Amino acid sequence: MTRITAAELAPRIDLAVTAVEGVRECYSARPVVARAFEHVADVEGSLSAVDDVPGARAITVCIGVSTQDDSVAVAAAVATAARGAGGDDEPATVRVRVARLVAPAT
């Protein structure tokens, strides 16, 4: 199986994360410099940060969860979705940053 690159994986993770029940918002987990460059170049980038490190991937996702949802369960589901988005057997560590939203999304 062909290894999926970080650039190919990030948009897949974005789609997988937005499909998780309980995720109300998704935020960029990527460095400010990368986002600024994309803004200047008028290119749309991914929200997920995927770093290839030897032997594994490091994935970071930032989500918003309402006060009515179980943030631990939602974060666990997001981590599972992020790991499964690649479709390959590459090991990955996933960090999910959770922001608690005061008002539920309308």
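See the structure above.
Residues numbered from 1 in each chain as written. Predicted model: local features only at pLDDT ≥ 70, side-chain atom pairs only at ≥ 80, totals over all residues. Heavy atoms only, no water.

Details of the overall build of the chain
Heads up, the rule is: Numbering of helices and strands starts at the N terminus; helices are DSSP runs of H or I of at least 4 residues and strands are runs of E of at least 2. Partly exposed residues are those whose accessible area sits between 20% and 50% of the maximum for their type, while under 20% is buried and over 50% is exposed, using a 1.4 Å probe and protein chains only. We call two residues in contact when some of their heavy atoms are within 4.5 Å. Surface accessibility in these figures is a Shrake-Rupley result with a 1.4 Å probe; residues are shielded only by whichever protein chains are displayed.
Each helix and strand in the chain was counted, giving 3 helices and 4 strands. For the chain, buried positions account for 39% of its 106 residues. For the chain, long-range pairs separated by at least 24 residues make up 73% of all intrachain contacts whose partners lie at least 6 apart in sequence. Working note: accessible area of the chain is about 6500 Å², and carbon and sulfur atoms make up 57% of it.

Here we look at the side chain of Arg 57
Structurally, Arg 57 is set in strand E3 (residues 56–66). Residue Arg 57 is classed as buried on the basis of its relative accessible area, which comes to 3%. When neighbours within four sequence positions are excluded, Arg 57 is seen to be in contact with Arg 3, Ile 4, Thr 5, Leu 9, Val 50, Asp 51, Asp 52, Asp 88, Glu 90, Pro 91, Ala 92 and Thr 93.

A closer look at the pattern of salt bridges
This is how the line gets drawn: The working definition used for a salt bridge is a side-chain nitrogen of Lys or Arg within 4 Å of a carboxyl oxygen of Asp or Glu.
Overall, the coordinates contain 2 salt bridges when judged by the stated rule. Here Asp 69 ties to Arg 24 by a salt bridge, and the two come within 2.9 Å at their closest N and O atoms. One end of the pair, Asp 69, is in the loop between E3 and helix H3 (71–84); the other, Arg 24, is in the loop between helix H1 (6–18) and strand E1 (25–27), with 45 residues separating them in the sequence. Residue Arg 24 is classed as partly exposed on the basis of its relative accessible area, which comes to 36%.

Some remarks on the pairing of strand E2 (residues 49–53)
In plain terms, the rule: Here, any two strands with at least 2 DSSP bridges between them count as paired.
Here 5 bridges tie E2 to E3, and the two strands are oriented antiparallel to one another. In the strand pairing of E3, Val 50 is matched with Ile 59.

Describing the nonpolar core
Cut-off, in case you're wondering: Throughout, nonpolar core names a set of buried Ala, Val, Leu, Ile, Met, Phe, Trp, Tyr and Cys residues whose side chains join them through atoms within 4.5 Å.
In terms of nonpolar packing, the biggest core is built from 21 residues, with Ile 13, Ile 59, Ile 63 and Val 78 touching the most fellow members. Those elements that provide at least two residues to this core are H1, E3, H3 and strand E4 (92–101). Residues contacting Ile 13, with those up to four places away along its chain left out, are Ser 48, Val 50, Ile 59, Val 61, Ala 82 and Ala 85.

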